[in-house]
Amino acid sequence: MHGNFEASLRSVTAPPPVSWQFGKMQHEGLTHPERLAEIIRVQRCLRELQQETGVFPRPVRACFAEDVFLEIERHESADILFVNPEFTVVFEEQPLKAMFAHEAGHLNSPQQEGVNRLKKVVETLAGVSAAALAVSGLMGGALGRNLPGSLKQAASALPPVAITATVAAGLEAARRSREEEMKADRFAARATSPAAVAQALSLSQMVFEDDDSGNPLGGCWSSHPPLQARIEAMRALERGRS
């Protein structure tokens, strides 16, 4: 079966490599043979992780997408792990498996469905709440000038109590989402090792901007904890093992 899969990959028309940037990461793009090799490697790592640990509670398969870093979705017949080989190529096998195990941790969490809804709530409430605060004069005129008119209109219709409730709900949703990310890190550490998770997170710093300095509320709105805090938590866990 795997041979047929690899043969079908080789029959795909080769697109030209392109230069791209995502966060802090830049490179010239994989050639077609390099891309196919990376896709095969990702499939093998995912298969080995499941054979070694059984961390995915249902059948799981990788699907390759250009517009994601790493995401997992639950479908009727299987869990689908969306990955981009242009990003995964910088990860060695152990940190790559740790990243996959982190996503498995979300699927194994009883709160996962609620967390997915919370993340959507965070996105919506963050925008409306920021607009509400700007309209109410709590965050200055500069922010208000950059907000879409629809958000300003929605925010201006909110009474003060509703503004406070909206902000509080958004902050709580983000806080719970950050907690779930830390739980998924610990799940991945048990399935692989804290060192592998720390290495994966360190490599992620090559890709993601992790700076809330321009946000008046700092990381309070973020659905993910700071990468450095997650790395330090894994290093502490590793020291506790030794």
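Note: the structure precedes this text.
By convention here, each chain's residues receive numbers from 1 onward along its written sequence. Predicted model: local features are reported for residues with pLDDT of at least 70 only, side-chain atom pairs are reported and counted for 80 or more only, and whole-chain, interface and lining totals are derived from all residues. Side-chain numbers come from the whole structure's heavy atoms, not from hydrogens or water.

Engineer: Hey, could you go over the packing of aromatic side chains for me, with residue numbers and the actual values?
Structural biologist: Each aromatic ring pair is summarised here by two numbers: the centre-to-centre distance and the angle between the ring planes. For Phe, Tyr and Trp, where Trp contributes only its six-membered ring, two rings pair if their centres lie within 6.5 Å, and the inter-plane angle classes them as stacked under 30 degrees, edge-to-face over 60, or tilted in between. One pass over the full model with this rule turns up two aromatic pairs. Ring centres of Phe69 and Phe87 lie 5.7 Å apart, and the angle between their planes is 45 degrees; on these two criteria the pair is classed as tilted. Here the residue Phe69 occupies a position in the loop between strand 3 (60-64) and strand 4 (70-74), and Phe87 occupies one in helix 3 (residues 85-88), the gap between them amounting to 18 residues. Partly exposed residues are those whose accessible area sits between 20% and 50% of the maximum for their type, while under 20% is buried and over 50% is exposed, using a 1.4 Å probe and protein chains only. Note on Phe87: relative accessible area 4%, which makes it buried. Ring geometry for Phe69 versus Phe91: centroids 6.0 Å apart, planes at 50 degrees, classification tilted. Taken as a pair, Phe69 in the loop between strand 3 and strand 4 and Phe91 in the loop between helix 3 and helix 4 (93-108) lie far apart in primary sequence, 22 residues in all. As far as burial versus exposure is concerned, Phe69 and Phe91 are alike and both buried. Taken together through their ring pairs, the aromatic side chains of Phe69, Phe87 and Phe91 make up a single cluster. By the criteria applied, helices consist of DSSP H or I runs no shorter than four residues and strands consist of E runs no shorter than two, each listed in order from the N terminus.

Engineer: Could you give me a rundown of the environment of Ala191, with the residues and numbers involved?
Structural biologist: Following the sequence through the fold, Ala191 ends up in helix 8 (residues 160-191). Taking the C-alpha atoms as reference points, Ala191 and Ala98, separated by 93 residues in sequence, lie 7.7 Å from one another. If we ignore the near neighbours within four places in the chain, the residues touching Ala191 are Thr53, Val55 and Ala101. In what follows, a contact means two residues having at least one pair of non-hydrogen atoms within 4.5 Å.

Engineer: Outline the nonpolar core, listing residues and values.
Structural biologist: By size, the foremost hydrophobic cluster in this structure holds 34 residues, and its most contacted members are Phe56, Phe69, Leu70, Leu81, Phe91, Phe100 and Val197. Breaking this core down by element, the ones donating at least two residues are helix 2 (32-53), strand 4, strand 5 (79-83), helix 4, helix 8, helix 9 (194-204) and helix 10 (227-241). Among the elements that make up this core, the one with the highest residue count is helix 4 (seven residues). Other than its neighbours up to four places away in sequence, Phe91 contacts Arg41, Phe69, Leu96, Met99, Ala200, Leu203 and Ser204. Buried Ala, Val, Leu, Ile, Met, Phe, Trp, Tyr and Cys residues form a nonpolar core when they are joined through side-chain atoms within 4.5 Å.

Engineer: Any chance you could break down the pairing of strand 5 for me, citing the residues and the numbers?
Structural biologist: Regular strands show a simple pattern: their side chains alternate between the two faces of the sheet. Most of strand 5 sits out of view: five of its five residues are buried. Burial along strand 5 is two-sided: Asp79, Leu81 and Val83 facing one way and Ile80 and Phe82 facing the other are all buried. The sheet contact formed by strand 4 and strand 5 spans five bridges and is antiparallel. Its bridge partner being in strand 5, Leu70 is matched across the sheet by Val83. Two strands qualify as a pair provided DSSP detects at least 2 bridges between them. Hairpin remark: strand 4 followed by strand 5, antiparallel, with four residues in the connecting loop.

By themselves these figures say nothing about function.
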